[in-house]
Amino acid sequence: MAKASRRGPYICGIEAALDVVSGKWKGQILWELDVHGVRRFAELRRGLPGVSEKMLTQHLREMEEDGLVHREVHAEVPPRVEYSLTGHGRALNQALGPLGAWGVERMRREGSETAGVAEPSHG
């Protein structure tokens, strides 16, 4: 698989950071792996209602290429694949904390509803 095209040039650090988390599901994948530690593909999919298998696979591959997610394949029949955050992924999740707090405040101010799940560590 070819490397992702996300390699700059960037104008600022925020642009570089947002490039890595762009995509509807990446923030939620970060949250799922942060909360649960290690997840199998089916567990991730159940935790992200509405995500397609194709989109989840694509985002996980991109996040693995970007060094955010570790993919471990166990030599079993049937094969067992587990995903977890790398140190880089945990650091990104922590960096997103203030952005998540800003988003929660915005939802409160705008009267937006939540999906009824626990707040992620970054929001």
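Residues numbered from 1 in each chain as written. Predicted model: local features only at pLDDT ≥ 70, side-chain atom pairs only at ≥ 80, totals over all residues. Heavy atoms only, no water.

With an unreviewed UniProt entry as reference, the chain is termed Helix-turn-helix transcriptional regulator, source organism Streptomyces hirsutus.

(A) Spotlight on the overall build of the chain. When helices and strands are counted, the chain shows six helices and three strands. Sequence-ordered secondary structure for the chain, helices as α and strands as β, is α-α-β-α-α-β-β-α-α. Counting every position in the chain, which comprises 123 residues, the buried fraction comes to 30%. Restricting the contact set of the chain to residue pairs at least 6 apart, pairs at least 24 apart contribute 51%. On the chain, roughly 7900 Å² of surface is accessible, and the fraction owed to carbon and sulfur atoms is 56%. (Helix = DSSP H or I, 4+ residues; strand = E, 2+ residues; numbered from the N terminus. Buried < 20%, exposed > 50% of the residue type's maximum accessible area, 1.4 Å probe, protein only. Contact = heavy atoms within 4.5 Å. Areas by Shrake-Rupley, 256 points an atom, 1.4 Å probe, with all protein chains shown as cover.)

(B) Broad picture of the nonpolar core. Of all hydrophobic cores here, the largest spans 18 residues; its most connected members are Ile 29, Leu 30, Leu 33, Leu 56, Leu 60, Val 69 and Tyr 83. Every element with two or more residues in this core is listed here: α2 (26–36), α4 (53–65) and β3 (80–85). In contact with Leu 56, other than residues within four places in its own chain, are Ile 29, Phe 41, Leu 44, Arg 45, Leu 48 and Val 51. (Core = buried A, V, L, I, M, F, W, Y, C linked by side-chain atoms within 4.5 Å.)

(C) Layout of the side chain of Glu 32. Mapped onto the fold, Glu 32 is located in helix α2. Contact partners of Glu 32, with chain neighbours within four places excluded, come to Gly 37, Arg 39, Glu 43, Leu 44, Gly 47 and Leu 48.

(D) Spotlight on unusual backbone geometry. Residue Pro 78 follows Val 77 across a cis peptide bond; omega there is -5°. Inspection of the secondary structure puts Pro 78 in the loop between β2 (69–74) and β3.

(E) Examining the packing of α2 against α4 more closely. One can describe the packing of α2 onto α4 by two numbers: an axis separation of 10 Å at closest approach and a directional angle of 75°. Here α4 runs roughly perpendicular to α2, going by the angle between their axes. Residue-level inspection shows Lys 26, Ile 29 and Leu 30 of α2 in contact with α4, the latter providing Leu 56, His 59, Leu 60, Glu 62 and Met 63. (Axes fitted to C-alpha atoms, helices over the stretch in contact; angles between N-to-C directions. Parallel < 35°, antiparallel > 145°, perpendicular 65-115°, else oblique.)

(F) Here's a closer look at the layout of surface pockets. Taken as a whole, the second largest pocket holds about 170 Å³ of empty space. The wall of the second largest pocket is formed by Ile 14, Ala 17, Leu 18, Val 21, Leu 92, Ala 95, Leu 96 and Leu 99. Of all the secondary structure elements, the ones that give two or more residues to the lining of the second largest pocket are α1 (13–21) and α5 (87–95). For the lining of the second largest pocket, the element with the highest residue contribution is α1, accounting for four residues. Residue classes in the lining of the second largest pocket are distributed as eight nonpolar, no polar and no charged. (1 Å grid on protein atoms, 1.4 Å probe; cavity = no way out; pocket = protein on both sides within 12 Å on 5 of 7 lines; lining within 4 Å. Points joined across faces, edges and corners; volume = space filled by probe spheres on them. Nonpolar A, V, L, I, M, F, W, Y, C, P; charged D, E, K, R; others polar.)

(G) Region of the structure containing a nonpolar patch on the surface. Together, Ile 14, Leu 18, Leu 99 and Trp 102 line one region of the surface with nonpolar side chains, adding up to about 460 Å² of accessible area. Counting only elements with at least two residues in the nonpolar patch, the list comes to α1 and α6 (97–110). By secondary structure assignment, the location of Trp 102 is in helix α6. Among the residues examined, Trp 102 registers a relative accessible area of 53% and is labelled exposed. (Patch = residues over 30% accessible without salt bridge, like charges linked within 9 Å, V, L, I, M, F, W, Y side chains within 5 Å. Salt bridge = Lys/Arg side-chain N within 4 Å of Asp/Glu carboxyl O.)

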